[in-house]
Amino acid sequence: MKKVVLALALVTGLLHTSCSSDLVSDTTTSCPVDVYVAGQKDNQACYWKNNQPIVLESGGIDGPVATKIVVANSDVHVLGIGVGTSPLGTVPMYWKNGALTNLKTTLSTQDEEVTSITDMEIVGTDIYFVGYTKKTMIAFEDYSLAYWKNGIKTVVHNYGGYAQNQARIKVANNTVYVTGTNNGNFNISGQIDGYYTNGVFTNISDSILSGLAVNNNEVYTFGMLDGSSYYKNITTNSETTLPLGSNGITKLLFDNGNMYYTDSGSIYKNGVLFDDATTNSGGIKDFEILNDNTYKIRQEGVFGFISFLTINGVETMQIPNSDGSFQSIYVVQN
């Protein structure tokens, strides 16, 4: 199997206010890839393609941050969040090839206001968002968990009270999976403790779920169960607990038949320690594995974090949190 051979020409120094000070990676490979990183730079939503920053328009929204990036069919999809001033409040944002859509304005209706969009999924040419809405015409707080497919809304669950957490979405075999809760009485700090399959809820008692993953049309959920790291193959209904760190599994993915997951401190491959970052890192923010190559966003620091991008352990880009941050990574094989 061919591995990416990286010839890195690094320009020393941190990312600062000028785009010209970015660290540059001159990557020459036998199987070239494009590396996309979403985040924020100089108080603007931004993504980097192969270490070159691309600033995203804000539409007058303050402090926007790009939180997730997906590249599909040569289109660059970016999810983000900012702060609106009229009225004051958070604003979910979405860019397709740099064109901004205010999701609060676009997806809200006269009767229901979108309060947050927490995840997106791209399947072919279909674009899915998942998040929460609040009824505007009543005195008490009445929230619903919902997803939108190409702008068409489907209510997953109505809470009849306050509800807000980081719901995630995956689509496989024409089935929509959404992590969430089934009532307004959340467990500690409002963590997610189950998932919906086409609207049908499955509770995992004593769990805190972080997300969903798909491998060969099999769907997984993962996180923590009763203090132990945990994942479940939803398709086969098999469950696994692991003695990992206190964060549980924060991301799980597959590459070339291997399972990788992280507890935000280290990366494991098929249950065996693969990448130990705990000695020099404040945490793994995101990572990707493609053709056995590792692409990782990590944070380091005590009083002020610095975000790093590394490829197979070699640092290619960094930014201090006084100037911005790296939030999400996506790798495309050319």
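Here the residue numbering is sequential within each chain, running from 1 through the sequence in written order. Restriction of local features to residues with pLDDT of at least 70 applies here, the model being predicted, together with a cutoff of 80 or more for giving and counting side-chain atom pairs; totals for whole chains, interfaces and linings are based on all residues. The side-chain numbers reported here are obtained from all heavy atoms of the structure, hydrogens and water having been left aside.

## Points about the environment of Thr316
Helix and strand labels come from DSSP, where a helix needs a run of H or I of at least four residues and a strand needs a run of E of at least two; each type is numbered from the N terminus. Looking at the secondary structure, you find Thr316 in strand E27 (residues 314-320). Under the relative-accessibility criterion, Thr316 is labelled buried at 0%. Sequence spacing of Thr316 and Asn50 is 266 residues, and the spatial spacing of their C-alpha atoms is 9.4 Å. Summary of the burial criterion: residues with accessible area below 20% of their type's maximum are buried, those above 50% are exposed, and those between are partly exposed, where the area comes from a 1.4 Å probe applied to protein chains only.

## A few points about the sheet that holds strand E2 (residues 44-49)
Spatial ordering of the open sheet is given by E3-E2-E1-E28, a layout of four strands whose pairing is antiparallel. Every interior strand has two partners, whereas the edge strands, strand E3 (52-55) and strand E28 (324-333), have only one. Averaged over all adjacent pairs, the angle separating strand axes in this sheet is 25°, with direction ignored. Strand pairing is assigned whenever DSSP identifies at least 2 bridges connecting the two strands. Note that E2 and E3 share four bridges and pair antiparallel. Bridge pairing links Cys46 to Val55 in E3. Whenever a helix is involved, its axis is fitted only over the stretch in contact; in every case the axis is a line through C-alpha atoms, and angles between N-to-C directions fall within 0 to 180 degrees.

## Focus: the pattern of salt bridges
By definition here, a salt bridge exists when the distance from a side-chain nitrogen of Lys or Arg to a carboxyl oxygen of Asp or Glu is within 4 Å. Following the criterion strictly, the structure yields eleven salt bridges and no others. Here Asp142 ties to Lys135 by a salt bridge, and the two come within 3.9 Å at their closest N and O atoms. Overall, the relative accessible area of 8% leaves Asp142 in the buried class. For the salt bridge of Lys251 with Asp286, the shortest nitrogen-to-oxygen distance reads 2.7 Å. Linking Lys251 in strand E20 (residues 251-255) with Asp286 in strand E24 (residues 283-290), this pair joins segments that are 35 residues apart in sequence. For the pair Lys251 and Asp286, one class covers both residues: buried. Within the structure, one salt-bridge network assembled from shared partners comprises Glu112, Lys135, Asp142 and Lys153.

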